[in-house]
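Inside the fold
So the chains spell out like this:
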Amino acid sequence: MSWSLSDGEIHFLWWFIQGSIMNPGTRQHLRQTWGFCQRHACGFLAIECAFRHGRPHGAALLYEDLMERARDAFRGYLRPGALVAYRLRERRPCLLCELQIGSQSAGAAGSEILERGRDLGEVRAFAEQTRGYWEACVCDRCLGRSWIFRRCRPHLIASLRHGDPVDLEREAAFVDALLEHVRRYARAFRWEQRGTDTVEDHAALISALGWCSGWGEWLRLVGSSTGSFLRADEPPSRGT
């Protein structure tokens, strides 16, 4: 499967994981954009897995923050769906896209960094180890299905704006569950809480990424199984 980052994307994301992610201005931008666009969200996780031996601590911290924001957007979810959609909208372009760093961008990183940045082995291993959980969270709209049970944030916004039937209580519960798992994973990086995380917690990081940005690029990056996206206890909704 062909999926790779440009020299410029690798260079930027390599510097990003060194500490730029903790810059207050950068964190505010990421909150306003719900992370990154699909491509750069996948690139961020891939780069951190490559350079952190499959332990994406920065991504876990970021998505804990974003899912807390999502939880707050649903609070009092009996409010009109249009208000939930307004709270979930992005307010700026993706950080890399705003800087015009894309699939053809050049960069000044050395050959060793570029080679390692293009190694997708760690992120694909992370995906395979957790696939049994995150596949159940893939957005049905992103898969092109005619019936809808699960939505990502962008497709949820579209449904709410179009006046489609949406069970906001169920959507809010899904976000709450993702937050609980991502938070446990993020905190397991602390010495005193090491070993408290589970495979389901790791999978929730991928599910949070897909929920925030959409799933198309992630499925291009790691592939998908067939017929295994819904849990046995979650029958599909016929709503759209």
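Look up a bit, the structure's there.
About the thresholds
Residues numbered from 1 in each chain as written. Predicted model: local features only at pLDDT ≥ 70, side-chain atom pairs only at ≥ 80, totals over all residues. Heavy atoms only, no water. Phe/Tyr/Trp six-rings, centres within 6.5 Å; stacked < 30°, edge-to-face > 60°. Buried < 20%, exposed > 50% of the residue type's maximum accessible area, 1.4 Å probe, protein only. Helix = DSSP H or I, 4+ residues; strand = E, 2+ residues; numbered from the N terminus. Contact = heavy atoms within 4.5 Å. Patch = residues over 30% accessible without salt bridge, like charges linked within 9 Å, V, L, I, M, F, W, Y side chains within 5 Å. Areas by Shrake-Rupley, 256 points an atom, 1.4 Å probe, with all protein chains shown as cover. Salt bridge = Lys/Arg side-chain N within 4 Å of Asp/Glu carboxyl O. Lys, Arg positive; Asp, Glu negative; His and termini not counted. Charge placed at Lys NZ, Arg CZ, Asp CG, Glu CD. Axes fitted to C-alpha atoms, helices over the stretch in contact; angles between N-to-C directions. Left-handed = near helix turned anticlockwise from the far one by under 90°. Expected span 1.5 Å × (residues − 1).

Let us look at the packing of aromatic side chains. One pass over the structure, following the stated rule, counts 9 aromatic pairs. The interplanar angle of 75° and the centroid separation of 5.0 Å between the aromatic rings of W14 and W15 together place this pair among those described as edge-to-face. Relative to F44, the ring of F36 lies with its centre 5.5 Å away and its plane at 50°, an arrangement referred to as tilted. According to the relative accessible area criterion, F44 is buried, its value standing at 1%. Each residue in the set F12, F16, F36 and F44 is aromatic and connected to the rest through ring pairs, giving one cluster.

Within the element layout of this structure, H29 appears in helix α2 (residues 24-33). Those residues in contact with H29 that lie beyond four places of it in its chain are R92, P93, C94, L95 and E98.

Together, E112, E115, D119 and E122 make up a negatively charged patch on the protein surface. The topology assignment puts E115 in helix α7 (residues 111-117). On the accessibility criterion, E115 (62% relative accessible area) is exposed.

Turning our eyes to something else, we now look at the environment of V182. If you trace the backbone, V182 turns up in helix α10 (residues 168-187). It is 13 Å that separates the C-alpha atoms of V182 and Y133, two residues lying 49 residues apart in sequence. Setting aside chain neighbours within four positions, we find V182 in contact with A60, Y63, E64, A204, L205 and A208.

On the secondary structure map, A73 appears in helix α4 (residues 57-74). A sequence separation of 60 residues divides A73 from L13, and the C-alpha atoms of the two residues are 28 Å apart.

Looking now at the packing of helix α1 (residues 7-17) against helix α3 (residues 38-51). Taken N-terminus to C-terminus, the directions of α1 and α3 make an angle of 65°; their axes are 10 Å apart at the nearest point. In terms of crossing hand, the pair formed by α1 and α3 is right-handed. Contacts between α1 and α3 involve E9, I10, L13, W14, F16 and I17 from the former and R39, H40, G43, F44, I47, E48 and F51 from the latter.

To continue, consider helix α11 (residues 199-213). Across its 15 residues, α11 extends 22 Å between first and last C-alpha, which sits within 8% of the 21 Å expected from 1.5 Å per residue. Burial analysis of α11 places 12 of its 15 residues in the buried class, which makes it a mostly covered element. Listed in full, the buried residues belonging to α11 are D201, A203, A204, L205, I206, S207, A208, L209, G210, W211, C212 and S213. Looking one or two places after α11, you find G214, whose phi comes out positive at around 105°.

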